[in-house]
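Residue-level listing of the chains:
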Amino acid sequence: MDSRISTSRLRVRGYHLDGYGHVNNARYLEFLEEGRWGYFDDHPGLARRLARGDVAFVAVNLNIDYRAAAVAGDDLEIRTRLSSLGGRSARMSQEIRRVHDDALVSAATVTFVLLDVAANQAALIGGEIRELLEPLVMEQALA
């Protein structure tokens with residue numbers, strides 16, 4: 001798989017389920033967050049730059065499409081990629097797929113801005129951060 005795509009896996013547990021025996025819709029947000037943390041684990045240079053604490057990525061919009069139900073015991077793979085990079089915002093695209101049949105369970109797009117922590121306002125995505133992000137952009141759809 002392309003190194004610009006990060007993959008994380010998890011198993012659906014009973015506490016993830018709603019009263020109908022499916023993963024509760026709010027849990028998918030947690031699964032997607034797990035995938036984004038994994039993305040930074042897979043790109044340690046970017047993670048080290050953000051660890052300085054002067055800037056942070058802040059989610060400003062999340063769109064999620066639920067495609068198929070996941071149930072207890074399903075192994076899921078979260079695929080995450082940087083899909084666009086603008087001057088003040090960027091987007092990550094994510095998919096959650098069931099491992100045993102590669103069925104698309106959900107697809108999401110997260111828009112984030114770069115926050116200047118001291119000023120508490122959005123900053124231009126430039127300099128070292130931009131240099132770290134540009135090679136990671138993958139516009140085409142996930143495989």
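Above this text you will find the structure in question.
Here's what I pulled together on the structure shown here. (Residues numbered from 1 in each chain as written. Predicted model: local features only at pLDDT ≥ 70, side-chain atom pairs only at ≥ 80, totals over all residues. Heavy atoms only, no water.)

## Comments concerning the side chain of Glu95
Within the element layout of this structure, Glu95 appears in strand E4 (residues 89-98). With a relative accessible area of 10%, Glu95 lands in the buried category. At 2.8 Å, the side chain of Glu95 and the side chain of Arg97 are in polar contact. (Helix = DSSP H or I, 4+ residues; strand = E, 2+ residues; numbered from the N terminus. Buried < 20%, exposed > 50% of the residue type's maximum accessible area, 1.4 Å probe, protein only. Polar contact = N/O pair within 3.5 Å; in protein donor to acceptor, adjacent residues only side chain to side chain.)

## Regarding the environment of Ser8
Examined against the element boundaries, Ser8 turns out to sit in strand E1 (residues 6-11). Here the alpha-carbon distance between Ser8 and Glu77, two residues 69 residues apart in the chain, equals 5.6 Å.

## As for the nonpolar core
In this structure, Leu46, Leu82, Ile125, Ile129 and Leu133 are the most contacted members of the largest nonpolar core, which totals 16 residues. For this core, the elements supplying multiple residues, two or more each, are helix H1 (25-42), helix H2 (44-51), strand E3 (75-85), E4, strand E5 (104-116) and helix H3 (127-133). In contact with Ile129, not counting residues within four places along its chain, are Arg49, Leu50, Val55, Phe57 and Leu114. Within the second largest apolar cluster, 13 residues are counted, among which are Ile78, Ile96, Val105 and Ala108. (Core = buried A, V, L, I, M, F, W, Y, C linked by side-chain atoms within 4.5 Å. Contact = heavy atoms within 4.5 Å.)

## Re the packing of aromatic side chains
Across all of its chains, the model carries five aromatic pairs by this definition. When the centroid spacing of 5.8 Å and the interplanar angle of 90° are considered together, the rings of Tyr39 and Phe40 count as edge-to-face. Pair check on accessibility: Tyr39 and Phe40 agree, each one buried. Taken together, Tyr39, Phe40, Phe57 and Phe112 form an aromatic cluster joined through their ring pairs. (Phe/Tyr/Trp six-rings, centres within 6.5 Å; stacked < 30°, edge-to-face > 60°.)

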